[in-house]
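Breakdown of the fold
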Amino acid sequence: MTHILKLVSLVVAVSLVYNVDPTQAARNNKFVTCGTVLKLLNTDYRVRLHSHDVKYGTGSGQQSVTATEVQEDVNSHWAIMAATGKNCERGEPIKCGDVIRLHHLATNKNLHSHHFQSPLSGNQEISAYGDEQGVGDSGDHWTVVCTGESWQRNSPVKLRHVDTDMYLSVSGRTFGRPINGQMEVVGVSSPYSGTDWTAAEGLFIHQTEKDDGPKHTEL
């Protein structure tokens, strides 16, 4: 967790969000890696995966997960981590087929799913889950579905929930208060509707930086 705490400090310290510079990205490692903190952009709806300390009023009652059009919101930062009880080397590219956790920095919870219905569309609920140390269970595990050997920063991926085989998606429906205008994030059985996600802004850990500590390329 030490590396994650250092990354949280960097996220809080920098308030502006910069777009990826293609030339700089080409010079750096082109893969999403273990330890990276990023925002995930849904390519169909152009919204970022988001969470906050607001619980669902139905279903599991756990912390809600939504999607937002707001680019600068710090509640959209997620850290790429190994599955519970596993380790990955900081800066190591995430391979297609790897099982990962997405750890929500602002609330210390993990992206989670289970057999509850989502509140708006009746699909599978997506929540954020974990104890005070950020430790959850197998419901926090997601398989990275992509083409090629590893997850490339400029290519969309799908995230398939290990326990239920559902794909992380956006339903297109929006919430009212207290999270007015944010979109519902759900699990769906079909990989073809709203299930593509790409790495947007973030603190990307490169293999050449493993011994020097994290360096941010964009946030």
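Residues numbered from 1 in each chain as written. Predicted model: local features only at pLDDT ≥ 70, side-chain atom pairs only at ≥ 80, totals over all residues. Heavy atoms only, no water.

**Remarks on the overall build of the protein**
Where we set the bar: Helix numbering and strand numbering both begin at the N terminus, where a helix is a DSSP run of H or I of at least 4 residues and a strand a DSSP run of E of at least 2. When accessible area is computed with a 1.4 Å probe and restricted to protein chains, residues below 20% of their type maximum are described as buried, those above 50% as exposed, and intermediate ones as partly exposed. In what follows, residue pairs with any heavy atoms lying within 4.5 Å of each other are defined as contacts.
Looking only at helices and strands, the protein features two helices and 12 strands. When the helices and strands of the protein are listed from N to C terminus, the series reads α-α-β-β-β-β-β-β-β-β-β-β-β-β. A burial count over the protein gives 49% of its 219 residues as buried. Counting only contacts in the protein whose residues sit at least 6 apart along the sequence, the fraction spanning at least 24 positions is 66%.

**So, the nonpolar core**
For the record, the criterion: Nonpolar core, defined: a set of buried Ala, Val, Leu, Ile, Met, Phe, Trp, Tyr and Cys residues in which side-chain atoms within 4.5 Å join the residues together.
L49, V65, L111, W151 and L168 are the most contacted members of the largest nonpolar core, which totals 31 residues. One finds A79, M81, L105 and L203 within the second-largest nonpolar core, a separate group that totals five residues.

**Description of the state of the cysteines**
Selection criterion: Cysteine sulfur atoms are paired as a disulfide whenever they come within 2.5 Å of each other.
Using the criterion set out here, one finds two disulfides in the structure. In this model C34 forms its disulfide with C88; the gap between the sulfur atoms is 2.0 Å. Classification of the bridge connecting C34 and C88 rests on its S-S torsion, roughly 70°, and on that basis the disulfide is right-handed. Highlighted residues: C34 in the loop between helix 2 (22-27) and strand 1 (37-42) and C88 in the loop between strand 4 (78-82) and strand 5 (99-104), separated in sequence by 54 residues. Judged by relative accessible area, which is 28%, C88 ranks as partly exposed. Take the cysteines of the protein that form disulfides and number them in order along the sequence; they join up as 1-2, 3-4.

**Details of the pairing of strand 7 (residues 124-129)**
Heads up, the condition is: Strands qualify as paired when DSSP identifies two bridges or more between them.
Across the six residues that make up strand 7, a large majority, five, are buried. When strand 6 (residues 109-117) meets strand 7, the two strands line up antiparallel, connected through five bridges. The partner of L111 across the bridge, within strand 7, is A128.

**Some details on the pattern of salt bridges**
Condition: In what follows, salt bridge is the name for a side-chain nitrogen of Lys or Arg lying within 4 Å of a carboxyl oxygen of Asp or Glu.
Taken as a whole, this structure holds three salt bridges when the rule is applied. Here R48 ties to E201 by a salt bridge, and the two come within 2.8 Å at their closest N and O atoms. One end of the pair, R48, is in strand 2 (residues 47-55); the other, E201, is in strand 12 (residues 197-203), and 153 residues separate them in sequence. Residue classification places R48 among the buried positions, given a relative accessible area of 9%. With its nearest N and O atoms 3.9 Å apart, the salt bridge here joins K55 to D53. By relative accessible area, D53 is classed as exposed at 61%.

**Brief notes about the packing of aromatic side chains**
Using the following cut-off: Stacked, tilted and edge-to-face are the three classes applied to pairs of Phe, Tyr and Trp rings, where Trp contributes its six-membered ring and a pair requires centres within 6.5 Å; stacked means planes under 30 degrees apart, edge-to-face means over 60, and tilted covers the rest. Should the NZ of a Lys or the CZ of an Arg lie within 6 Å of a ring centre and within 35 degrees of the ring normal, that charge is described as sitting over the ring.
Applying the stated rule across the entire model yields zero aromatic pairs. Above the face of the F204 ring, R153 is positioned so that its terminal group lies 3.8 Å from the ring centre.

**What to know about the confidence of the model for the protein**
Formally: Confidence of the predictor at the level of single residues is captured by pLDDT, which takes values from 0 to 100.
In this model, the protein carries a mean pLDDT of 86, and residues with pLDDT of at least 70 account for 81%. Contacts of residues 214-219 to residues separated by more than four positions or lying in other chains number 30 contacts, the stretch itself having pLDDT below 50.

**Observations concerning the side chain of N110**
To be explicit about the condition: Polar contact is defined as a pair of N or O atoms within 3.5 Å, subject to the rule that within protein one atom must be able to donate a hydrogen and the other to accept it, and that residues adjacent in sequence are counted only when both atoms are side-chain atoms.
Here N110 lies in strand 6. A residue is classified by how much of its surface remains accessible, and N110, at 0% relative accessible area, is buried. Polar contacts involving the side chain of N110 include one to the main-chain carbonyl oxygen of G134, which spans 2.9 Å.

**Some thoughts on unusual backbone geometry**
Cis geometry marks the peptide bond from R177 to P178; its omega dihedral reads 10°. The topology assignment puts P178 in the loop between strand 10 (167-174) and strand 11 (183-188). The phi dihedral of R46 falls on the positive side, at around 55°, and the residue is not glycine. Its place among the elements puts R46 in the loop between strand 1 and strand 2. Not every positive phi belongs to a glycine, and N108 is a case in point at roughly 65°. For N108, the location among the structural elements is in the loop between strand 5 and strand 6.

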